[in-house]
Amino acid sequence: MARVALVLSGGGAKGAFAVGVLQELLPALEALGRSPSIFAATSTGAFIAPMALTGHIDQLATFYTNLTTAQILVLRTPGGALNQPALADLAPIRNILAQNLTDAICQQVLGGAAGITCLLSAVSLQTGELFMFHAGAPLPAGADAVIDDVPAWRYTALSSPEHLRAAVLASGSEPARLDPVRIAYEPVAEGAPRMRVTGVGGAVPTVWRPPLVAQFVDGGVRALAPVEVAVAMGAEEIFLVANQPTRKERLKPIREDNTDVKTFSGTFDVLLRTIELFQLRIGDADQSAGETFGMPRFHVIRPDPPLSGDSLDFNQAVMSQRLIQGRLQGRAFVQGYTPPVGGGGPVV
């Protein structure tokens, strides 16, 4: 059976586009016998992935088109924010997540529904490492990647619904805008012994290493779309649903009359815009990973025209338009998709 991967990028409210794409793409792939066995995701994609792989696509569509900014974003006062890790409290998002990503859904993901591996990215503020929190089917042999003798990312297994929801929350916690998420993890490589023996001749009892706790933020700090992880997982075909525009689409000249210029006047505005530009550059590198590793079947579905607006602006009318745009582009992609030889017939 071919290893097919679905990679979902970050983008906050722009995730409505990805949901629309999946409403068309996933049923088509299932009909061809090419349903993804690997889901790798970041930020808003990290919420979509566990819902999608358990068959809750329509629930996702309802969720994204009915959510409002006021429901999820409770800003602190400017003075109070300076003494806090972020501009907004995560409590509202945590509550919404618990209502939608239920224990029953989490248990399906943790149990490896249909042999699927789910991987969610987040970054440790303490070490700077990219963590891939994973659940479901076991990781294949050789799924690690090493750069300059240092692991490119760290795998950490998820063990409970609360652990899974924490990873989703961390993956979408935009630095400076949302509070970091504290998550415990093993202090040693996965699969290595957690104990050490002190003393000589076993006279001193074994001492267990307690889990470490770190603050985690948006996986987009290191991997806006974890394509490279999907490659390391042995994917033979990758479908990337990217919510961000291409570099060429982003770099548009300013009009001579300056009517399209936005002025960034506040400290936080400048900070957040800088973080956004940084993450978009990372997204460019993520997309090129499929080409760098010579993936012969690497497909990118991105919004055309590009999506505009703040990633945390959950305008219901705009979200509905993005969902429709995603469905239309997903349908167009499916109609033009040709599976590999022996992988099923064309979609009609």
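Residues numbered from 1 in each chain as written. Predicted model: local features only at pLDDT ≥ 70, side-chain atom pairs only at ≥ 80, totals over all residues. Heavy atoms only, no water.

Draft legend 1. Structural detail: the overall build of the chain. Across its full length, the chain holds 12 helices and 13 strands. When each of the 348 residues of the chain is scored for burial, the buried share is 50%. On the chain, roughly 16500 Å² of surface is accessible, and the fraction owed to carbon and sulfur atoms is 56%. (Helix = DSSP H or I, 4+ residues; strand = E, 2+ residues; numbered from the N terminus. Buried < 20%, exposed > 50% of the residue type's maximum accessible area, 1.4 Å probe, protein only. Areas by Shrake-Rupley, 256 points an atom, 1.4 Å probe, with all protein chains shown as cover.)

Draft legend 2. Seen up close, the pairing of strand 11 (residues 212-218). As paired elements, strand 3 (residues 117-124) and strand 11 share 3 bridges and run antiparallel to each other. In the strand pairing of strand 11, valine 123 is matched with valine 217. (Pairing = 2+ DSSP bridges.)

Draft legend 3. Region of the structure containing empty space enclosed by the protein. In total, this model carries 1 cavity of 30 Å³ or more according to the counting rule given. In this structure, the largest cavity spans a volume of roughly 330 Å³. Those elements that provide at least two residues to the lining of the largest cavity are helix 2 (44-53), helix 3 (57-66), helix 6 (91-100) and helix 8 (161-171). Here the lining of the largest cavity takes 3 residues from helix 6, the largest share from any one element. Split into classes, the residues belonging to the lining of the largest cavity amount to 14 nonpolar, 5 polar and 1 charged. (1 Å grid on protein atoms, 1.4 Å probe; cavity = no way out; pocket = protein on both sides within 12 Å on 5 of 7 lines; lining within 4 Å. Points joined across faces, edges and corners; volume = space filled by probe spheres on them. Nonpolar A, V, L, I, M, F, W, Y, C, P; charged D, E, K, R; others polar.)

Draft legend 4. The arrangement of unusual backbone geometry in detail. Between aspartate 304 and the following residue, proline 305, the backbone shows a cis peptide bond with an omega angle of 10°. Structurally, proline 305 can be placed in the loop between strand 13 (298-301) and helix 12 (316-336). The backbone phi angle of alanine 176 is positive, close to 75°, even though this residue is not glycine.

Draft legend 5. Representation of helix 3 in the model. By the burial criterion, the buried members of helix 3 are Ile57, Leu60, Ala61, Phe63, Tyr64 and Thr65. Summarising the contacts, the buried residues of helix 3 are in contact with helix 1 (15-31), helix 2, helix 6 and helix 12. (Contact = heavy atoms within 4.5 Å.)

Draft legend 6. View of the packing of aromatic side chains. Scanning the model with the defined rule gives 12 aromatic pairs in all. Here the aromatic rings of phenylalanine 131 and tyrosine 185 are separated by 4.9 Å at their centres, their planes lie at 70°, and the arrangement is edge-to-face. Residue phenylalanine 131 is found in strand 4 (residues 130-136), and its partner tyrosine 185 is found in strand 8 (residues 181-185); the two are separated by 54 residues along the sequence. For the residue pair phenylalanine 131 and tyrosine 185, the accessibility class agrees, reading buried in each case. Centre to centre, the rings of tyrosine 185 and phenylalanine 216 are 6.2 Å apart; their planes meet at 80°, and the pair counts as edge-to-face. (Phe/Tyr/Trp six-rings, centres within 6.5 Å; stacked < 30°, edge-to-face > 60°.)

Draft legend 7. Geometry of the pattern of salt bridges. In this structure the tally under the stated criterion is 10 salt bridges. Its salt-bridge partner being glutamate 24, residue arginine 331 comes within 3.0 Å of it at the nearest N-O pair. You can see arginine 331 sitting in helix 12 and its partner glutamate 24 sitting in helix 1, a full 307 residues away along the chain. The exposure class of arginine 331 is partly exposed, given its relative accessible area of 36%. Put simply, glutamate 162 and arginine 165 hold a salt bridge, and the shortest N to O gap is 4.0 Å. Placement of both glutamate 162 and arginine 165 in helix 8 is noted, with a separation of 3 residues, approximately one turn of the helix. Each of Glu24, Arg327 and Arg331 takes part in salt bridges that share partners, so that together they form one network. (Salt bridge = Lys/Arg side-chain N within 4 Å of Asp/Glu carboxyl O.)

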